[in-house]
Amino acid sequence: LANTVYNWADPDGTGPASAGVNVPMGAAGTIHINDRLTNNSAGNITVTYQVTASLGLCAGAPQNIDIVVQSAPELVLLQSKTICSGDNVNLEILLNPANTPAGTTFSWPDPDGTGSGTSQLNIPADPSGAVHITDVLYNGTAAPVSLIYSIIATAPNGCRGIPRDINVTVNPGA
């Protein structure tokens, strides 16, 4: 009905979910709950919104809306490595929590365009201790050069983590 509004409390108390107060019903297909929910655990979590529709002073019965948030991998922040020109990067990309979720893969675009860095698709994260970035990098200058690998982690359920950068500094050769 026209003038119907929806109300719900913050279902997780501290965010990232949020409350809705007097949210207009809108036309069919209107999105009312647009929170960006994250899950970095090993399994799915459920966030329950208890929504009440109201028209004037008349409130309907509260209805539960369950949102299942599948797990997405989270990369450890600020990973970096320094190597000498001509050395192999040999870097293990780390997840937080470690190796979670199982079956995660890593992908990244070419970090230096036409240089010795390479792009990779769907490199398995497992097992613990696996080396993921194996490029041999060269620096023909007199100063250190930084390459940034922009890593995308993808869980087996298809959920992608937030892309993170890994900085590899290549010192000049002797």
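The present account deals with the structure reproduced in this document.

### Topic: the side chain of Asn39
Here Asn39 is to be found in the loop between β2 (20–24) and β3 (45–55). Here Gly43 takes part through its backbone oxygen, which lies 2.7 Å from a polar atom of the side chain of Asn39.

### As for the pairing of strand β9 (residues 145–154)
The pairing of strand β7 (residues 105–108) with β9 spans three bridges and is classified as antiparallel. Looking at the pairing, Thr105 lines up with Thr154 of β9. Where β9 lies against strand β10 (residues 164–171), seven bridges are found, and the strand directions are antiparallel. Counterpart to Ile148 in the pairing with β10 is Asn167.

### A short note on the side chain of Asn139
Relative to the elements of secondary structure, Asn139 occurs in the loop between β8 (120–124) and β9. Within the structure, Asn139 has its side chain in polar contact with the backbone oxygen of Val170 (distance 2.8 Å). Among residues more than four places away in sequence, those in contact with Asn139 are Ser85, Pro144, Val145, Val170, Asn171, Pro172 and Gly173.

### Concerning the sheet that holds strand β6 (residues 80–84)
Pairing within the open sheet is mixed, and its five strands lie in the order β6-β10-β9-β7-β8. Looking along the sheet, the strands with just one partner apiece sit at the ends: β6 and β8. Taking each pair of neighbouring strands and ignoring which way they run, the sheet shows an average axis angle of 30°.

### A closer look at the nonpolar core
Membership of the largest hydrophobic core comes to 19 residues, with the highest contact counts inside it found for Phe106, Tyr149 and Ile151. Going through the elements one at a time, β7, β9 and β10 are the ones with two or more residues in this core. With four residues, β9 is the single largest residue contributor to this core. In contact with Tyr149, other than residues within four places in its own chain, are Val89, Trp108, Pro111, Gly117, Thr118, Ile133, Asp135, Leu137, Arg164, Asp165, Ile166 and Val168. If you look at the next biggest cluster of nonpolar residues, it comprises seven residues, including Trp8, Val23, Val47 and Val69.

Conventions we followed
Residues numbered from 1 in each chain as written. Predicted model: local features only at pLDDT ≥ 70, side-chain atom pairs only at ≥ 80, totals over all residues. Heavy atoms only, no water. Helix = DSSP H or I, 4+ residues; strand = E, 2+ residues; numbered from the N terminus. Polar contact = N/O pair within 3.5 Å; in protein donor to acceptor, adjacent residues only side chain to side chain. Pairing = 2+ DSSP bridges. Contact = heavy atoms within 4.5 Å. Axes fitted to C-alpha atoms, helices over the stretch in contact; angles between N-to-C directions. Core = buried A, V, L, I, M, F, W, Y, C linked by side-chain atoms within 4.5 Å. Buried < 20%, exposed > 50% of the residue type's maximum accessible area, 1.4 Å probe, protein only.

That's the geometry; what it means functionally is another story.
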